[in-house]
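Architecture and fold: a report
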There are 2 protein chains.
Amino acid sequence: MQDELKHVVIVGVGFAGLFAAKKFFRKKVKVTIIDRHNYHTFNPLLYQVGAGELDPEQVAYPVRSILRKQSNIDFLMANVTGIKFNKRILVTDRGEISYDYLILSPGSGPNFFNTKGAETNSAIMKTLDDSIALKNRILMLFEKATKCEDPEERKKCLTFVIIGGGPTGVEFAGAFAELVNGPFKKDYPGIKPDEVNIIVIDVGKRILPMYNEKSSAYATRILEKMRVKVLTEKQVTAIDKDAVRFSTGEILKSGTILWTAGVSGIRLKTDIKIPERRDFRLQVENTLRFPGYENVFICGDLAYLEQDGVPLPMNAPVASQEGELAAMNILRIIENKELKPFRYADRGAMVTIGRNSAIAKYKIIEVRGFIAWIMWIFIHIFYLIGFRNKIFVMINWSRDYIMFERSGRMIIPSARIKK
Amino acid sequence: MQDELKHVVIVGVGFAGLFAAKKFFRKKVKVTIIDRHNYHTFNPLLYQVGAGELDPEQVAYPVRSILRKQSNIDFLMANVTGIKFNKRILVTDRGEISYDYLILSPGSGPNFFNTKGAETNSAIMKTLDDSIALKNRILMLFEKATKCEDPEERKKCLTFVIIGGGPTGVEFAGAFAELVNGPFKKDYPGIKPDEVNIIVIDVGKRILPMYNEKSSAYATRILEKMRVKVLTEKQVTAIDKDAVRFSTGEILKSGTILWTAGVSGIRLKTDIKIPERRDFRLQVENTLRFPGYENVFICGDLAYLEQDGVPLPMNAPVASQEGELAAMNILRIIENKELKPFRYADRGAMVTIGRNSAIAKYKIIEVRGFIAWIMWIFIHIFYLIGFRNKIFVMINWSRDYIMFERSGRMIIPSARIKK
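Note that the structure is predicted; figures quoted are calculated from it, not measured. (Residues numbered from 1 in each chain as written. Chains lettered and ligands numbered in written order. Predicted model: local features only at pLDDT ≥ 70, side-chain atom pairs only at ≥ 80, totals over all residues.)

This brings us to the overall build of chain A. When helices and strands are tallied, chain A shows 12 helices and 28 strands. In summary, chain A has a C-alpha radius of gyration of 22 Å against a globular reference of 22 Å for 419 residues, a match within 12%. Taken along the three principal axes of its C-alpha coordinates, chain A extends 75 × 50 × 45 Å. When each of the 419 residues of chain A is scored for burial, the buried share is 49%. If you take every contact in chain A between residues at least 6 apart in sequence, the share linking residues at least 24 apart comes to 65%. (Helix = DSSP H or I, 4+ residues; strand = E, 2+ residues; numbered from the N terminus. Rg over C-alpha atoms; globule rule 2.2 N^0.38 Å. Buried ≥ 20, exposed ≤ 12 C-beta atoms within 10 Å, placed from the backbone. Contact = placed C-beta atoms within 7 Å.)

If you want it as structure tokens, here you go:
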């Protein structure tokens with residue numbers, strides 16, 4: 001009997017992978033979930049790790065704890081290096097794994113749109129490690145600036161450029177500006193807040209284009225109040241080691257260039273020719289099935305699907321719902337039932353810019369200000385996986401709110417893993 | 001007037017350096033305190049980071065926050081590479097710094113006693129980074145073991161050797177055994193607790209030789225109850241990449257060899273010939289002055305001083321008291337007063353072995369068991385610097401006590417600092 005159980009392999013423990021796994025709890029399938037990290041990352045709050053607001057442990061949760069009581073689900077920490085679709089085999093750095101069904105949800109990476117030097121010279125914020133590196137870098141540059149006597153070098157150290165005026169760029173800019181205007185003012189008495197330049201750059205007409213014009217104007221106003229410069233309609237042509245080049249010929253010197261302008265699917269080596277989109281995402285059927293492979297489902301950021309003529313966004317709610325449906329559709333195949341199509345239930349979107357300032361959106365209604373900010377806090381707390389994390393994040397945020405303080409101001413480069 | 005202020009330089013933000021700095025608060029001296037990290041580490045709890053009990057941020061505290069309101073004290077993040085005693089200059093990777101008075105408290109490193117291969121092949125636990133690396137290594141080996149089919153390789157992965165039965169080795173062994181017998185049993189259902197070998201090795205007749213024989217026997221008994229093997233009178237002659245070699249010719253294969261057997265002073269390049277002790281500590285006068293240099297004081301682990309014919313231990317209480325006296329003696333020189341000799345006020349010592357099990361010692365009285373353990377908790381909480389850390393550590397410990405849980409089970413190798 002045991003041997004007849006179908007083997008489902010899930011790639012990735014992001015929102016899509018985890019929500020898929022949960023649907024297999026106590027089901028008659030054997031599941032292996034694979035990731036190169038042994039923890040799930042709460043990506044929507046990564047920018048707070050970058051800005052020293054939360055500790056890395058507060059936005060991550062060990063996978064094995066989540067799956068603990070599920071005897072039919074196995075976790076494997078491994079790097080997926082390729083897929084042999086025709087042989088139903090996954091290739092990893094810990095050996096080959098055969099599957100009956102595959103849920104592919106490896107997430108996304110940055111999309112540099114072939115901008116010269118961008119990949120080498122910019123910081124990103126796609127993983128926990130990226131965010132820790134960014135925080136360490138910011139702290140190092142402040143330390144360097146304190147004793148820097150060359151005014152040009154000092155200015156470069158204290159200039160932080162964020163390319164991309166989407167939610168990630170705006171949220172990071174706001175959180176970072178609060179760090180600079182608050183705790184850093186006290187920690188670095190030799191550096192005046194107006195010496196620090198935080199600049200958000202976007203190629204479009206306005207930041208946060210997914211919100212309405214009023215909300216974009218509101219976000220710009222709040223950022224400018226916090227001394228963040230917002231430059232729109234600026235085309236970046238290249239990124240040097242410590243400068244941004246624009247199509248106008250202008251050059252902006254900066255010690256930290258953070259790229260949040262684009263996201264693309266993770267590329268995997270396969271034995272088939274996949275029609276590639278410019279953003280490396282894979283077009284899926286409305287059942288989330290990979291066209292031509294009835295046993296393969298794709299979800300999360302890697303899946304490209306339109307709903308009512310509009311592409312679904314690459315975010316946690318879409319990924320979670322896709323993961324659930326992909327798992328349910330696999331169970332339906334096993335039970336000889338018909339597949340269900342995916343239908344995204346929009347629960348709204350929100351972005352926080354700073355203390356008391358956020359934008360919340362539900363369908364065409366948008367709310368701004370303190371109420372949106374309170375909503376943002378409770379929804380994020382609610383979705384943070386794990387009891388401990390919820391309490392700790394709440395304490396951190398409350399203290400920060402009352403004391404204008406920050407917790408994560410230590411440069412902990414941490415540790416090589418000797419294998 | 002300003003220019004006449006004397007310049008005191010303090011090397012190190014450990015217990016000695018920080019307690020020295022505190023004595024200069026609101027005093028008429030200019031102080032620069034230097035460290036390669038921008039945080040103070042609560043070293044007595046590093047082993048809990050190694051065993052995944054506490055998060056790194058919970059045992060560290062940013063230096064700039066501690067010194068925030070002190071306009072006469074400056075922090076410099078730099079590596080001290082040498083000292084020119086005769087020119088009163090400190091050499092760092094961020095330039096030379098001249099001083100009128102110097103407090104040298106750079107701390108200690110491991111002492112391998114010239115054991116072959118020990119430096120290259122063993123893990124240590126002297127800094128926060130070391131502890132994070134150790135934790136990551138342990139987790140990686142458990143992940144590796146889960147899918148390892150070669151029984152010999154699997155046994156090696158699951159064998160953890162701790163060399164040194166002093167407080168650090170014993171405390172780590174206990175905390176690690178609790179992790180293995182508790183959360184790991186649930187996280188790694190494929191690994192049976194009795195497959196995991198934790199072995200404490202000491203060259204002496206008994207572990208914890210600074211406590212009485214009854215206490216040593218108690219510690220051994222508690223450890224053995226937790227399935228930790230305690231091997232005494234074992235002489236290690238060499239450490240290979242994955243094996244310990246003994247004087248008897250025996251070879252013990254192990255994926256993790258943790259060295260806690262010895263501590264030595266940090267060696268610095270100087271322009272003078274220093275009479276070197278075998279442990280690289282520096283003999284000081286009873287005023288903590290460096291013989292021959294009236295403006296240099298040494299304290300903390302680097303200072304060697306005897307009291308009543310017995311060398312003072314290398315621990316936090318001694319370092320703190322030395323730091324305070326060194327600072328006071330510098331102020332006394334400036335005020336033309338006579339120097340005071342150092343006299344260690346022994347407030348006792350304690351070591352915890354596990355849940356409800358600790359040993360507390362005051363002079364010749366030793367207490368064992370639950371009462372000692374409660375004392376241990378409150379004293380450590382009390383001394384942990386920072387309100388936030390106290391709350392968080394308390395929450396972590398309470399939850400762990402009630403739920404038999406652990407927080408820090410994520411492998412976060414973290415992040416290169418791009419300069």
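Picking up where we left off.
So, about the nonpolar core. Judged by nonpolar contacts, the single largest core of 120 residues is most densely connected at Ile-10, Ile-103, Ala-173, Phe-176, Leu-258, Ile-298 and Cys-299 of chain B. Counting residues per element, this core draws most heavily on helix α5 (residues 128-146) of chain B, which supplies 10 residues. Taken domain by domain, the makeup of this core includes at least three residues from each of domain 1 (2-36 + 78-110 + 263-334) and domain 2 (118-261 + 348-403) of chain B. Here Cys-299 of chain B is in contact with Ala-16, Ala-20, Ile-103, Ser-105, Leu-288, Ala-319, Glu-322, Gly-323 and Ala-326 of chain B, once residues within four sequence places are set aside. The next biggest cluster of nonpolar side chains, apart from the first, holds 119 residues, and it includes Met-77, Leu-102, Val-170 and Val-200 of chain A. (Core = buried A, V, L, I, M, F, W, Y, C linked by C-beta atoms within 7 Å. Domains from an automatic or database assignment.)

All names here are of chain B. Counting buried positions along strand β1 (residues 7-11) gives four out of five residues, so the element sits mostly inside the fold. Of the pairings in the sheet, the one linking β1 to strand β2 (residues 30-35) comprises five bridges and is parallel in character. Within the sheet, the bridge partner assigned to Ile-10 lies in β2 and is Ile-33. In this region the chain leaves β1, passes through helix α1 (residues 15-23) and returns to the parallel neighbour β2; the handedness of that crossover is right-handed. Sheet analysis places β1 next to strand β9 (residues 101-104), joined by four bridges and oriented parallel. In the sheet register, Val-8 faces β9, and the bridge partner there is Tyr-101. (Pairing = 2+ DSSP bridges. Right-handed = clockwise from strand over helix to strand, strands pointing away.)

All right, on to the sheet that holds strand β28 (residues 365-368) of chain B then. Residue and element names in this part refer to chain B. On the basis of which strands lie adjacent, the open sheet formed by three strands has the order β26-β27-β28 and antiparallel pairing. Of all the strands in the sheet, the pair left with one neighbour each is β26 (349-354) and β28. Between one strand and the next, the sheet's axes are offset by a mean angle of 10°, whatever the strand orientation. As paired elements, strand β27 (residues 357-362) and β28 share four bridges and run antiparallel to each other. Opposite Tyr-362, over in β28, you have Ile-365 as the bridge partner. (Axes fitted to C-alpha atoms, helices over the stretch in contact; angles between N-to-C directions.)

What the domain assignment lists for chain A is domain 1 (2-36 + 78-110 + 263-334) and domain 2 (118-261 + 348-403). Taking the mean C-alpha position of each, domain 1 of chain A and domain 2 of chain A sit 32 Å from one another.

Turning our attention to the environment of Phe-184 of chain B. Residue and element names in this part refer to chain B. With respect to the element layout, Phe-184 can be found in helix α8 (residues 183-187). For the pair Phe-184 and Ile-364, spaced 180 residues apart in sequence, the C-alpha separation works out to 39 Å. In contact with Phe-184, other than residues within four places in its own chain, are Phe-142 and Leu-179.

A separate point is the sheet that holds strand β11 (residues 159-163) of chain B. Residues and elements named next belong to chain B. Overall, parallel pairing links the four strands, which are arranged β13-β12-β11-β17 in an open sheet. Both outer strands of the open sheet, β13 (228-231) and β17 (256-259), are each paired with one neighbouring strand and no more. Across the sheet, the mean angle separating the axes of adjacent strands is 20° when strand polarity is ignored. Where strand β12 (residues 197-201) and β13 come together, four bridges link them in parallel fashion. Looking across to β13, one finds that Ile-198 is bridged to Val-228. Sitting on the sheet, helix α9 (residues 213-225) is in contact with β12 and β13, with an inclination near 140° to β13.

Residues and elements named next belong to chain A. If you check helix α10 (residues 316-334), its first and last C-alpha atoms are 27 Å apart, about what 19 residues at 1.5 Å a residue would give, namely 27 Å. Along α10, the positions that sit buried rather than exposed are Val-318, Ala-319, Ser-320, Gln-321, Glu-322, Gly-323, Leu-325, Ala-326, Ala-327, Asn-329 and Ile-330. Where α10 is buried, its residues meet β1 (7-11), α1 (15-23), β9 (101-104), β22 (293-298) and β23 (303-304). (Expected span 1.5 Å × (residues − 1).)

Residues and elements named next belong to chain A. Remark: α1 packs on α10, axes separated minimally by 7 Å, with the N-to-C direction vectors making an angle of 35°. The handedness of the crossing between α1 and α10 comes out as right-handed. Listed contacts from α10 to Phe-15, Ala-16, Gly-17, Leu-18, Phe-19, Ala-20 and Lys-23 of α1 are Ala-316, Ala-319, Ser-320, Glu-322, Gly-323, Glu-324, Ala-326, Ala-327 and Met-328. Residues belonging to the contact of α1 with α10 are distributed by class as follows: 10 nonpolar, three polar and three charged. (Left-handed = near helix turned anticlockwise from the far one by under 90°. Nonpolar A, V, L, I, M, F, W, Y, C, P; charged D, E, K, R; others polar.)

Here the focus is unusual backbone geometry. All names here are of chain B. In this model, Asn-114 sits at a positive phi of 55°, which is unusual for a non-glycine residue. In this fold, Asn-114 is placed in the loop between β10 (108-110) and α4 (118-121). Look at Asn-336: it is not a glycine, yet its phi comes out positive at around 60°. Tracing the backbone through its elements, the reader meets Asn-336 in the loop between α10 (316-334) and β26.

All names here are of chain B. Bridge count for strand β6 (residues 80-84) against strand β7 (residues 89-92) is four bridges, and the pairing is antiparallel. Counterpart to Ile-83 in the pairing with β7 is Leu-90. The antiparallel pairing of β6 with β7 creates a hairpin that spans four residues between the two strands, and Arg-88 there sits at a positive phi of about 55°. As defined by bridge partners, β6 adjoins strand β19 (residues 269-270) across two bridges and the pair is classed as parallel. Bridging across to β19, Ile-83 finds its partner in Thr-270.

The exposed category is assigned to Asn-114 of chain A, around which 8 C-beta atoms lie within 10 Å. Separated by 123 residues in the primary sequence, Asn-114 of chain A and Thr-237 of chain A have C-alpha atoms spaced 9.3 Å apart.

Residues and elements named next belong to chain A. Here chain A averages 91 in pLDDT, while 91% of its residues score no lower than 70. Overall, residues 415-419 carries pLDDT values under 50, and its contacts beyond four positions in sequence, including any with other chains, amount to 14 contacts. Here the complex is predicted with pTM 0.91, and the ipTM for its interfaces comes to 0.88. (pLDDT = per-residue confidence, 0-100.)

All names here are of chain B. Spanning 13 residues, α9 covers 18 Å between terminal C-alpha atoms, matching the ideal 18 Å at 1.5 Å per step. Considered for burial, the residues of α9 that qualify are Ser-215, Ser-216, Tyr-218, Ala-219, Thr-220, Ile-222 and Leu-223. In this fold, the buried residues of α9 make contact with α7 (167-181), β12, β13, β26, β27 and β28. Two residues or fewer past α9, Arg-227 is found with a positive phi of approximately 70°.

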